[in-house]
Amino acid sequence: MSLNRNVSLASGLRYRGQGPMLTFILHRIGGLGMAVFVTMHILASFLGGDIGKFLNDVYRNWLFQIFIFFCALFHAINGLRITIIDLLPKLLVHQREAIWVEWAIFIPLFAIAVFVIISTAGG
Amino acid sequence: MATTKPRTLSLSKRGLNFEMFMWLFTRLSALGMYALILVAIIGALVMGAREQMNLADVLRWGFMPNSGHVQSVPLDNADAWATPFWRLTASALLLLAVAHGVHGLVVIADDYIDTARGRLIVRWLSIAMMISMSLIGLYVLWTS
């Protein structure tokens, strides 16, 4: 009993879902990134030793910190939009405006965080 | 059409199946996690984070209020950061995050695995992962 999708990979990639599609993809990447990071982080704390040290060195790297903070902050802000709109379905007509508000909150916060991460890494 | 008819069924007519329950749980656990993170950040500020911590340390503590996360910070009163209250807050955050996250992985897997057998395997794997990560996480939180 498998689903039958009559969509080729090429047309799937050509699909233009615009703003909502972008937030959907980034929400997924953010969620996956955090799931992998948190799992590895808990296992590293549990196991300790050389594996724990190696993983902690990865987490201290400023590139990784920028990536994981992007995942956490975007997932949190986009998740708040999804939660508010889904629990109050009448607001669904304002979906696109809500996405603009979301970027207006995300970009300055993330920019400050990237500035702090890079200036901390630079000493 | 002049009159707008509601296009959604009420919950009592639709019934609450597992997928519907998890849909609701994902949203409510998100609200719960925002509240717990806010409590952790406010708690850090009350306990003196303004003078003793930088932004990165506050965020590390905020996303998981575990005393191990402030080990490298020179704190005036380190004991206040490892009380049962903070361990319970961290445990609640852990359990919500693991359930929310593992269900999220199942949702993603369901988009790419479309056989009934494959989906059954993913469900059993997710249950095993949820239980084991919750137990390992609780062990780390309560023994650190």
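See above for the structure.
Definitions and cut-offs
- Sequence order as written defines residue numbering, which begins from 1 separately in each chain.
- The order in which chains are written sets their letters, starting at A; the order in which ligands are written sets their numbers, starting at 1.
- Where totals are concerned, whole chains, interfaces and linings use all residues; where local detail is concerned, this predicted model gives features only for residues with pLDDT of at least 70, and gives and counts side-chain atom pairs only at 80 or more.
- Here a strand is any run of E in DSSP of at least two residues, a helix any run of H or I of at least four, and the numbering for each starts at the N terminus.
- Radius of gyration: over C-alpha atoms. The globule rule applied is 2.2 Å multiplied by the number of residues raised to the 0.38 power.
- Each residue gets a C-beta atom placed from its backbone, and two residues are in contact if those atoms lie within 7 Å.
- Asp, Glu, Lys and Arg are counted as charged, while Ala, Val, Leu, Ile, Met, Phe, Trp, Tyr, Cys and Pro are counted as nonpolar; the rest, among them Gly, fall into the polar class.
- Lines fitted to the C-alpha atoms define the axes, with helices restricted to the stretch that makes contact. Angles between their N-to-C directions range from 0 to 180 degrees.
- Each angle is binned into one of four classes, with values under 35 degrees roughly parallel, values over 145 roughly antiparallel, values of 65 to 115 roughly perpendicular, and all other values oblique.
- Left-handed describes a crossing in which the near helix is turned anticlockwise from the far one by less than a right angle; the clockwise case is right-handed.
- Given the number of residues in a helix, its expected span is that number minus one, multiplied by 1.5 Å.
- Labels follow a simple rule on C-beta atoms placed from the backbone: if 20 or more others lie within 10 Å of a residue's own, it is buried; if 12 or fewer, it is exposed; otherwise it is partly exposed.

Describing the overall build of chain B
So, point 1. Tallying secondary structure elements over chain B gives six helices and zero strands in all.
So, point 2. Tracing chain B from N to C terminus, the helices and strands come up as α-α-α-α-α-α.
So, point 3. In terms of overall dimensions, chain B is more spread out than a globule: its C-alpha atoms have a radius of gyration of 20 Å, far above the 15 Å expected for 144 residues.
So, point 4. Summarising its shape, the C-alpha atoms of chain B cover approximately 65 × 45 × 25 Å along the three principal directions.

A short note on the interface of chain A and chain B
The figure often quoted for interface size is the accessible area lost as the parts come together.
So, point 1. In this assembly, 21 residues from chain A lie in contact with 21 residues from chain B.
So, point 2. Listed by contribution, the elements that provide at least two residues to the side of chain A that touches chain B are helix H2 (18-47), helix H4 (62-87) and helix H5 (95-121) of chain A.
So, point 3. No other element matches H2(A), which puts ten residues into the side of chain A that touches chain B.
So, point 4. Looking at the side of chain A that touches chain B residue by residue, the classes come out as twelve nonpolar, seven polar and two charged.

Points about the packing of H2(A) against helix H3 (residues 49-60) of chain A
Packed helix pairs are characterised by how far apart their axes lie and by the angle those axes make with each other.
Residue and element names in this part refer to chain A.
So, point 1. In contact at an axis separation of 7 Å, H2 and H3 are set at 140° when each is read in the N-to-C sense. Classified by the angle their axes make, H2 and H3 are oblique. In terms of crossing hand, the pair formed by H2 and H3 is left-handed. Every residue of H3 that contacts H2 at Met40, Ala44, Ser45 and Leu47 is listed here: Gly49, Ile51, Gly52, Leu55 and Asn56.

Things to note about helix H2 (residues 18-46) of chain B
All names here are of chain B.
So, point 1. With 29 residues, H2 ought to run about 42 Å at 1.5 Å a step, and its terminal C-alpha atoms sit 41 Å apart, in line with that.
So, point 2. Burial in H2 covers these residues: Ser29, Leu36, Ile37, Ala40 and Ala44.
So, point 3. At its buried positions, H2 is contacted by helix H3 (49-52), helix H4 (55-63) and helix H5 (84-112).
So, point 4. Positive phi appears at glycine 48, one or two residues downstream of H2, with a value of about 105°.

Keep in mind that these numbers describe shape and distance, not what the molecule does.
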